Amino acid sequence: MPSYLDAFHSREPGGVRVSRRQASRFAKEVAGDFNPIHDEDAKRFCVPGDLLFCLVLAHYGVSRRMAFTFQNMVGEDVELCFPQTDAPHLAIADAAGKVYLEVEREGESSRDAALVGQLTRDYAAFSGQNFPHVLVPLMKSQGVMVNPQRPLVFYNSMAFEFGQWPVAGAPQLVFSKADLQVNGKRGDVDLNFDLVLEGQVVGRGCKKLVLSGLRSFEQEVMDALVRQYDGWKAAYQAA
C-alpha cells in the first residue's frame with residue numbers, strides 16, 4: 001500500500017537505502033528539523049533517526065510495547081537490512097553487519113495504515129520541535145547550553161507503551177513534559193509524550209537525547225544560535 005514514506009527511501013533487493021536528498025527532505029518537510037547535519041551537502045551528514053524509526057514501524061507495524069536504541073548514525077546511501085522475523089528483538093544493520101538500530105517489541109501488534117501513519121507523522125513532528133522550542137528553555141533553566149560552534153545533540157533511544165490498546169482509531173501524540181539532568185559537560189534529556197485517543201490517554205512514551213560539550217548558558221549567544229536556526233528554516237521555505 002502506498003505511503004507518504006515512499007518518497008523518503010528506496011527499496012532494493014538487499015534492503016532499504018536513503019539518499020541525501022530523501023533524508024534532507026524528510027527532516028525539513030515532515031519533521032520540521034533544520035539541523036544542518038541533515039543537509040544534502042553536510043560534511044557530517046546523517047539520516048534522521050526519526051526517519052529510521054518511521055521506516056521500522058512502516059515495515060513491522062506498531063506493537064503494544066516498543067523500545068528503540070540507536071547504536072550508530074546512518075550515513076549516505078547505506079543499504080539497511082530489515083530482517084523478516086517475528087522475534088521480540090531485531091536489529092537494523094547493513095550488509096557488513098554494522099548495527100544502527102536495535103528494536104524490542106512485545107504484545108499485540110497492528111499494521112493498520114491509519115495507526116502507523118498517525119504515529120509516525122506525529123512523532124516526527126514532535127521531534128522536530130525539540131530545538132529551539134523545548135531544549136532552549138530546558139537548558140536555560142539548568143544554566144547550561146551546547147557549544148554554539150559545534151552543537152552536539154545525539155538521539156539515544158525511544159520507547160512507548162500502550163496501556164489501552166487502540167482497537168479502533170489512531171491516537172495522537174501529545175508532548176507532556178521534559179527533563180534535563182546535567183553531569184559535567186554531559187546532559188541527559190527525557191522528552192515525554194502521551195498517546196491520546198478521543199481525549200483519553202491510552203499510552204505514554206519517552207524520547208532520550210544526549211547533549212555533549214555543555215557550557216555555561218549565555219543568553220546573547222543562544223539568541224544568535226536560534227536566529228541562525230530560524231534563518232536556515234526561512235531560507236529553505238523561501239526556496
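These numbers come from a predicted model, not from an experiment.

Q: Could you clarify how one ought to interpret the packing of helix 4 (residues 130–142) against helix 5 (residues 219–238) in this entry?
A: Look at helix 4 against helix 5: their axes get within 12 Å of each other, and the N-to-C directions meet at 170 degrees. In terms of orientation, helix 4 lies roughly antiparallel with respect to helix 5. From helix 4, F131, P132, V136, M139 and K140 reach across to helix 5, where they touch Q219, M222, L225, V226 and Y229. Looking at side-chain class alone, the contact of helix 4 with helix 5 contains eight nonpolar, one polar and one charged residues.

Q: Teacher, can you tell me more about helix 5 here?
A: Because an α-helix packs 3.6 residues into every turn, residues spaced three or four apart end up facing the same way. With 20 residues, helix 5 should cover 28 Å at 1.5 Å per step; its first-to-last C-alpha distance of 28 Å lies within 8% of that length. All buried positions along helix 5 are accounted for by M222, L225, V226 and Y229. Down the axis of helix 5, the sector holding all buried residues measures 95 degrees, keeping them to one side. Turned more than 90 degrees off the buried face of helix 5, the exposed positions are E220, R227 and A238. Contacts from the buried residues of helix 5 go to helix 3 (113–128), helix 4 and strand 7 (144–145).

Q: What is the right way to read the environment of S10 from this model?
A: Its place among the elements puts S10 in strand 1 (residues 10–12). By relative accessible area, which is 30% here, S10 ends up partly exposed. A sequence separation of 65 residues divides S10 from G75, and the C-alpha atoms of the two residues are 15 Å apart. With residues near it in sequence (within four places) discarded, S10 still touches G15, V16, R17 and Q22.

What counts as what
- Residues numbered from 1 in each chain as written.
- Predicted model: local features only at pLDDT ≥ 70, side-chain atom pairs only at ≥ 80, totals over all residues.
- Heavy atoms only, no water.
- Axes fitted to C-alpha atoms, helices over the stretch in contact; angles between N-to-C directions.
- Helix = DSSP H or I, 4+ residues; strand = E, 2+ residues; numbered from the N terminus.
- Parallel < 35°, antiparallel > 145°, perpendicular 65-115°, else oblique.
- Contact = heavy atoms within 4.5 Å.
- Nonpolar A, V, L, I, M, F, W, Y, C, P; charged D, E, K, R; others polar.
- Expected span 1.5 Å × (residues − 1).
- Buried < 20%, exposed > 50% of the residue type's maximum accessible area, 1.4 Å probe, protein only.
- Arc of directions from axis to C-beta.

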